[in-house]
Amino acid sequence: MTRAADKTSPMPAPAQKSRAPGRPNASDLLVWYDRHRRVLPWRALPGERPDPYRVWLSEVMLQQTTIAAVKPYFSKFLELFPDVAALAAAAEERVMSAWAGLGYYSRARNLHACARAVAALGAFPNTEEGLRKLPGIGAYTAGAIAAIAFDRPAAAVDGNVERVMTRLFAIETTLPAARPEIRALTLALVPRDRPGDFAQAVMDLGATICTPKRPACALCPWMAPCVARAEGLQETFPRKIKKEKGVLRKGAAFVVVRAGDEAILLRTRPPEGLLGSMAEPPTSAWTHDYDPAKGLLDAPLDARWKRLPGIVKHVFTHFPLELTVFSARVASGAGAPAGMRFTARAGLDAEPLPGVMKKVLAHALEVKAASSVSEPKAETPVDLATPSEPEPPPRRAPIPKPPRTRPSDLARIVKKPPKATRKS
């Protein structure tokens, strides 16, 4: 619940009313936004009409991902798939390959399915209700697209907005339980005339001013009505329940290199589940009690396997992972086992390899390169038939001369003068 008085309450409690510094005004935020709005590749410039395809694509990419990480992928997608029709017509493998490295790969599968649904409809729906019916579009994404692309009065609540609203109203309820309250308070502030700009303004405020640590409250257009700032508790919001760390999982990965063309053995993961439809070198199951000493029982083929030193570590959202890597070489022209394929080194960039599998390949190929460089040169064989020449005896040090104690010859020939006689 909030500490500030809610205007929807007919009779707010006196204690709450006295603690509320005032009601935030959307116009104050929009004045700030007009001066300080961020320039982003998917954001329409002032006076331009937003492109629903760009808005949708950026919002899906930005889920759980930073703007810096998204920018190159967004540009790459626009080059490969300039509109929703091109994305819908593309093969799934091509879409997954373009997404590889951005993480949360279920988003890519939903993105492709959504593009096909929109292409079938002929255009994006322009309401929250219509957008929610599309694959992969939840409450936040639907609100963001409706507000930004179609100027609908909708609440787009992401992490930045949650932080702003929980501080503005000092919401004590912990996340995620507080989200319905945050959404209702946000929607109550949305203006009728510029809902799209308002949605982006709150996002920019949270990203640049109302930051998680050391917020720049003195520069905030909502400094006066902010309850948390008035109480000096702004950095303690939003309230969160500490997440428990996931249980470590272990497994084995098998990197097979074919002689001659140096191609790498890969396979495609099942479409459902973690890293669905992504490419990988063959791996074992990932369990908390996996024994790497028995890893060769999961090898994809018979070969002279070598266990590589070190392990590959990766952290997923819900658990950390450690993979022991085994490598092997097979003969030139060897075929791939059923359901697998050999991919040339030059073609690896086109494969939809997730980050963890790129780490596995880098580990295997780097260890191999290091071992080939550090191989010692063959030593000259020792001839045991020919006796070795005897070593010369060590030279004796010169015997030091003893110090002279007798006076020198010069001292003996020097006569002392006679003693003077005394006259009487």
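Residues numbered from 1 in each chain as written. Predicted model: local features only at pLDDT ≥ 70, side-chain atom pairs only at ≥ 80, totals over all residues. Heavy atoms only, no water.

Participant: Describe the overall build of the chain, with residues and values.
Facilitator: Along the backbone of the chain there are 15 helices and 7 strands. Taking all 424 residues of the chain together, 42% fall into the buried category. When contacts within the chain are restricted to residue pairs at least 6 apart in sequence, long-range pairs at least 24 apart make up 68% of them. As presented, the chain carries roughly 25200 Å² of accessible surface, and 56% of it is formed by carbon and sulfur atoms. (Helix = DSSP H or I, 4+ residues; strand = E, 2+ residues; numbered from the N terminus. Buried < 20%, exposed > 50% of the residue type's maximum accessible area, 1.4 Å probe, protein only. Contact = heavy atoms within 4.5 Å. Areas by Shrake-Rupley, 256 points an atom, 1.4 Å probe, with all protein chains shown as cover.)

Participant: Explain the pairing of strand E1 (residues 249–258) to me, using residue names and the numbers behind them.
Facilitator: Of all 10 residues in E1, 8 are buried; the element is thus mostly enclosed. Here E1 pairs with strand E6 (residues 320–330) via 10 bridges, running parallel. Residue pairing for E6: Gly251 is matched across the bridge by Leu323. (Pairing = 2+ DSSP bridges.)

Participant: Please set out the pairing of strand E2 (residues 264–268) residue by residue, giving values where relevant.
Facilitator: Of the pairings in the sheet, the one linking E2 to strand E7 (residues 340–343) comprises 4 bridges and is antiparallel in character. Bridged to Leu266 within E7 is Arg341. As defined by bridge partners, E2 adjoins strand E3 (residues 279–280) across 2 bridges and the pair is classed as antiparallel. Residue pairing across strands places Arg267 opposite Glu280, the latter belonging to E3.

Participant: Explain the confidence of the model for the chain residue by residue, including any values.
Facilitator: This prediction gives the chain a mean pLDDT of 86; 81% of its residues lie at or above 70. Mean pLDDT across the elements of the chain bottoms out in helix H1 (residues 14–19) (40) and peaks in helix H5 (residues 84–89) (97). In this model residues 4–18 is a low-confidence stretch, pLDDT under 50, and it forms 15 contacts with partners more than four residues away in sequence or in other chains. Segment residues 373–386 is flagged for pLDDT under 50; beyond a separation of four residues in sequence, or across chains, it makes 0 contacts in the model. (pLDDT = per-residue confidence, 0-100.)

Participant: So what about the packing of helix H3 (residues 52–61) against helix H7 (residues 106–121)? Which residues, and what values?
Facilitator: Relative orientation of the contacting elements H3 and H7 amounts to 160 degrees, with a least axis distance of 10 Å. Here H3 lies roughly antiparallel to H7, going by the angle between them. The crossing of H3 and H7 is right-handed. Two secondary-structure elements touch here, H3 through Trp56, Leu57, Val60 and Met61 and H7 through Arg107, Leu111, Cys114 and Ala115. Residues belonging to the contact of H3 with H7 are distributed by class as follows: 7 nonpolar, no polar and 1 charged. (Axes fitted to C-alpha atoms, helices over the stretch in contact; angles between N-to-C directions. Parallel < 35°, antiparallel > 145°, perpendicular 65-115°, else oblique. Left-handed = near helix turned anticlockwise from the far one by under 90°. Nonpolar A, V, L, I, M, F, W, Y, C, P; charged D, E, K, R; others polar.)

Participant: Any chance you could break down the nonpolar core for me, citing the residues and the numbers?
Facilitator: Counting 101 residues, the largest nonpolar core has Trp56, Phe77 and Trp222 as its most contacted members. Three or more residues apiece are contributed to this core by two domains, here domain 1 (3–8 + 16–236) and domain 2 (249–415). When residues no more than four places from it in sequence are discounted, the contact partners of Trp56 are Val84, Leu87, Leu111, Cys114, Ala115, Phe124, Ile137 and Ile145. Ranked by size, the runner-up nonpolar core spans 13 residues in total, among them Ala263, Leu265, Ala328 and Val330. (Core = buried A, V, L, I, M, F, W, Y, C linked by side-chain atoms within 4.5 Å. Domains from an automatic or database assignment.)

Participant: So, the pattern of salt bridges: which residues are in play, and what are the values?
Facilitator: Here the structure, examined in full by the defined rule, presents 13 salt bridges. Arg194 is the salt-bridge partner of Asp34, the closest N and O atoms lying 2.8 Å from each other. Remark: Arg194 occurs in the loop between helix H11 (179–189) and helix H12 (195–208) and Asp34 occurs in helix H2 (residues 26–36); sequence separation between them is 160 residues. A relative accessible area of 44% places Asp34 in the partly exposed class. Overlapping salt bridges, with partners in common, bring together Asp34, Arg194 and Asp197 in one network. (Salt bridge = Lys/Arg side-chain N within 4 Å of Asp/Glu carboxyl O.)

Participant: How would you summarise helix H6 (residues 92–99) if you had to cite specific residues and measurements?
Facilitator: A turn of α-helix holds 3.6 residues, and therefore any two residues three or four places apart point the same way. The complete set of buried residues in H6 reads Val95, Met96, Ser97, Ala98 and Trp99. As for H6, its buried residues are in contact with H3, helix H4 (67–80), H5 and H7. Two residues or fewer after H6 comes Gly101, characterised by a positive phi angle close to 105 degrees.

Participant: Go over unusual backbone geometry with me, naming the residues and quoting the values.
Facilitator: Here the bond from Leu175 into Pro176 is cis, since omega is 5 degrees, no more than 30 degrees from zero. Structurally, Pro176 is set in the loop between helix H10 (159–168) and H11. Between Phe237 and Pro238 the backbone carries a cis peptide bond, its omega angle lying at 0 degrees. A positive phi angle, close to 60 degrees, is found at Gln64, a residue other than glycine. By the element assignment, Gln64 lies in the loop between H3 and H4. With phi around 50 degrees, Arg214 is a residue other than glycine that occupies positive phi space.

Participant: Give me the side chain of His112: which residues, what numbers.
Facilitator: Residue placement: His112 occurs in helix H7. Setting aside anything within four residues of it in sequence, one finds His112 in contact with Leu87, Ala88, Ala90, Ala91, Glu92 and Val95.

Participant: Could you give an account of the environment of Ala259, naming the residues involved and the relevant values?
Facilitator: Along the chain, Ala259 falls in the loop between E1 and E2. The exposure class assigned to Ala259 is partly exposed, which follows from its relative accessible area of 23%. A C-alpha to C-alpha distance of 6.1 Å links Ala259 and Val330, two positions 71 residues apart in sequence.

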